[in-house]
Amino acid sequence: MEDNYKQRGLRDKLVRKLRLKGITDEAVLSAIGKVPRHAFFDNALLSHAYEDKAFPIGEGQTISQPYTVAFQSEKLSVKPGEKILEVGTGSGYQAAILLEMGAKVYTIEYNRKLYETTKDFLPMLGYRPYFFYGDGSKGLPAKAPFNKIIVTAGAPVVPQALLEQLNDNGILIIPVGDRETQKMTKLTKKGKKILKEEYNQFAFVPLLGESGWAHSK
Ligand code: SAM
């Protein structure tokens, strides 16, 4: 995979744009500056790789907008060595960012074809999360607990299973709302209590599965 001065220049420009939009976590910005986002794009869309926009990745799914990836990653306050569950592997871009930040990443995808494609593709870039196929709205009980959980699809409710699979002081970041727009929601586990913080609206594809939306709606 080629990563030339032009692509590095476009990445630096994207990082500057994210700073202007309010992202301050240097570890997040450094990771965005390193992961070759153009490698996740089909040739036809290559020229758009460093725009701050979401793009289609096939199977009706999207690679999230860089600002969204940066926002969710910042809210997770990732520390090297932390064990993080990502629900919604998609293209693998978000997983690559978390790996660049030094996390140990478990990622689960519900779409079989995307799971297969990304499981084969991401290690070719040197990014090796643990890949799982299945309904991430139920979490990943066999590998729990996690320090942090990030959901990258829009949920109708906060799945109880995800809260149960967090460590004490663990953080869950999840977009919650209707099928079109969702409020970014951060939940921090403090003993038996859950601290809830809400941020701006985002627009994600729907979270499917048991605690997600029905396929047919
Ligand atoms: N994180 C991805 C990236 O960096 O490219 C973007 C994810 S895309 C916006 C949402 C993904 O969530 C889709 O790939 C979709 O198939 C997946 N998804 C939806 N419901 C799911 C579920 N219950 N469990 C796991 N993945 C799910």
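Counting starts from 1 at the beginning of each chain's written sequence and moves along it residue by residue. In view of the model being predicted, local features appear only for residues whose pLDDT reaches at least 70, and side-chain atom pairs are presented and counted only at 80 or more, with totals across whole chains, interfaces and linings using the full set of residues. Hydrogens are left out, water is left out, and the side-chain values use all remaining heavy atoms of the structure.

## Regarding the overall build of the protein
A count of helices and strands for the protein gives 6 helices and 9 strands. Its C-alpha radius of gyration of 16 Å places the protein within 12% of the 17 Å reference for a compact globule of 217 residues. Along the first, second and third principal axes, the C-alpha set of the protein runs to 50 × 35 × 30 Å. Nonlocal contacts in the protein, meaning residues at least 24 apart in sequence, comprise 53% of its contacts between residues at least 6 apart. For accessible areas, the Shrake-Rupley method is used with a probe of radius 1.4 Å. Any residue's cover is judged against the shown protein chains and nothing else. Of the accessible surface of the protein, which amounts to about 10,400 Å², a share of 51% is contributed by carbon and sulfur atoms. As used throughout, the charge tally considers Lys and Arg to be positive and Asp and Glu to be negative, leaving His and the chain termini uncounted. Taken as the charge centre is NZ of Lys, CZ of Arg, CG of Asp or CD of Glu, depending on the residue. Here the protein carries 31 positive and 24 negative side-chain charges, and the mean point of each set is 3 Å from the other. Counting from the N terminus, the helices are the DSSP runs of H or I reaching at least four residues and the strands are the DSSP runs of E reaching at least two. The globule rule used for comparison is 2.2 Å times the number of residues to the exponent 0.38, while the radius of gyration itself is calculated over C-alpha atoms. Should any heavy atoms of two residues lie within 4.5 Å, those residues are counted as being in contact.

## Digging into the layout of surface pockets
Over the atoms a probe the size of a water molecule is rolled, and this reveals where empty space is left. Empty space within the largest pocket amounts to approximately 670 Å³. Together, 41 residues line the largest pocket, and Gln-61, Thr-62, Thr-152, Ala-153 and Val-205 are the ones closest to its centre. At the level of secondary structure, the elements contributing two or more residues to the lining of the largest pocket comprise β2 (61-63), α3 (66-76), β3 (83-87), α4 (93-100), β4 (104-109) and β9 (193-202). Of the grid points, spaced at 1 Å and generated over the protein atoms alone, those admitting a 1.4 Å probe that cannot get out make up cavities, while open sets with protein on both sides within 12 Å along at least five of seven lines make up pockets; any residue with an atom within 4 Å of a point is treated as lining. Grid points are joined across faces, edges and corners, and a volume is the space filled by probe spheres set on the points. By volume, the second largest pocket is sized at about 350 Å³. Elements with a contribution of two residues or more to the lining of the second largest pocket: β1 (55-58) and α5 (112-121). Tallying contributions element by element places α5 first for the lining of the second largest pocket, with 5 residues. Throughout this entry, Asp, Glu, Lys and Arg are counted as charged residues, while Ala, Val, Leu, Ile, Met, Phe, Trp, Tyr, Cys and Pro are counted as nonpolar. The remaining residues, Gly among them, count as polar. In terms of residue class, the lining of the second largest pocket is built from 10 nonpolar, 5 polar and 3 charged.

## Brief notes about the site of the ligand
What makes a residue near a molecule or strand is one non-hydrogen atom of that residue sitting within 4 Å of it. The local shell around the ligand holds 28 residues, among which Glu-86, Ser-91, Glu-109, Gly-136 and Leu-208 are the closest. A distance of 2.5 Å separates an oxygen atom of the ligand from a polar side-chain atom of Glu-109. The set of elements that each furnish at least two residues to the shell around the ligand consists of β2, β3, α4 and β4. Top contributing element to the shell around the ligand by residue count: β2, with 3 residues. Partitioning the shell around the ligand into residue classes produces 11 nonpolar, 14 polar and 3 charged. Definition of a polar contact: a pair of N or O atoms within 3.5 Å, with one able to donate and the other able to accept a hydrogen when the atoms are protein atoms, and with sequence-neighbouring residues admitted only if both atoms are side-chain atoms.

## With respect to the sheet that holds strand β7 (residues 166-177)
Here we have 7 strands laid out as an open sheet, ordered β5-β4-β3-β6-β7-β8-β9, and mixed in their pairing. Edge positions in the sheet fall to β5 (130-133) and β9, since each has one partner strand and no second. Strand-to-strand twist of the sheet, defined as the mean angle between neighbouring strand axes without regard to direction, takes the value 15 degrees. One bridge is not enough; two strands pair if DSSP finds at least two bridges between them. Of the strand pairs in this sheet, β7 and strand β8 (residues 182-190) are connected by 7 bridges, and their pairing is antiparallel. Across the sheet, Ile-173 pairs through a bridge with Lys-186, a residue of β8. Contacting β3, β6 (146-151), β7, β8 and β9, α3 crosses the sheet at an angle of about 150 degrees to β7. The sheet strands contacting α5 are β4 and β5, and the helix crosses β5 at an angle near 160 degrees. Comment: axis = line fitted to C-alpha atoms, over the contacting stretch for helices; angle = value between 0 and 180 degrees taken between N-to-C directions.

## Topic: the environment of Lys-13
Mapping Lys-13 onto the fold places it in helix α1 (residues 5-20). Along the primary structure Lys-13 and Val-205 are separated by 192 residues, whereas in three dimensions their C-alpha atoms are 27 Å apart.

## Description of the pattern of salt bridges
We count a salt bridge whenever a side-chain nitrogen from Lys or Arg sits within 4 Å of a carboxyl oxygen from Asp or Glu. Counted under the stated rule, the structure contains 11 salt bridges. Residue Lys-21 is joined to Asp-52 by a salt bridge in which the shortest nitrogen-to-oxygen separation is 2.4 Å. Taken together, the residues Lys-21 in the loop between α1 and α2 (26-34) and Asp-52 in the loop between α2 and β1 connect sequence positions 31 residues apart. With its nearest N and O atoms 3.6 Å apart, the salt bridge here joins Glu-198 to Lys-196.

## Points about the nonpolar core
Buried Ala, Val, Leu, Ile, Met, Phe, Trp, Tyr and Cys residues that are joined via side-chain atoms within 4.5 Å together make up what is termed a nonpolar core. Partly exposed describes any residue whose relative accessible area lies between the buried limit of under 20% and the exposed limit of over 50%, with all areas from a 1.4 Å probe on protein chains only and scaled to the type maximum. Residues Ile-32 and Phe-40 are the most contacted members of the largest nonpolar core, which totals 42 residues. Of all the secondary structure elements, the ones that give two or more residues to this core are α1, α2, α3, α4 and β7. Apart from the residues within four sequence positions on either side, Ile-32 is in contact with Arg-11, Leu-14, Val-15, Leu-18, Pro-66, Ala-70, Tyr-93 and Ile-97. Membership of the second largest hydrophobic core comes to 18 residues, among which are Phe-146, Ile-149, Val-176 and Leu-187.

Geometric descriptors of this kind do not, in isolation, establish any biological role.
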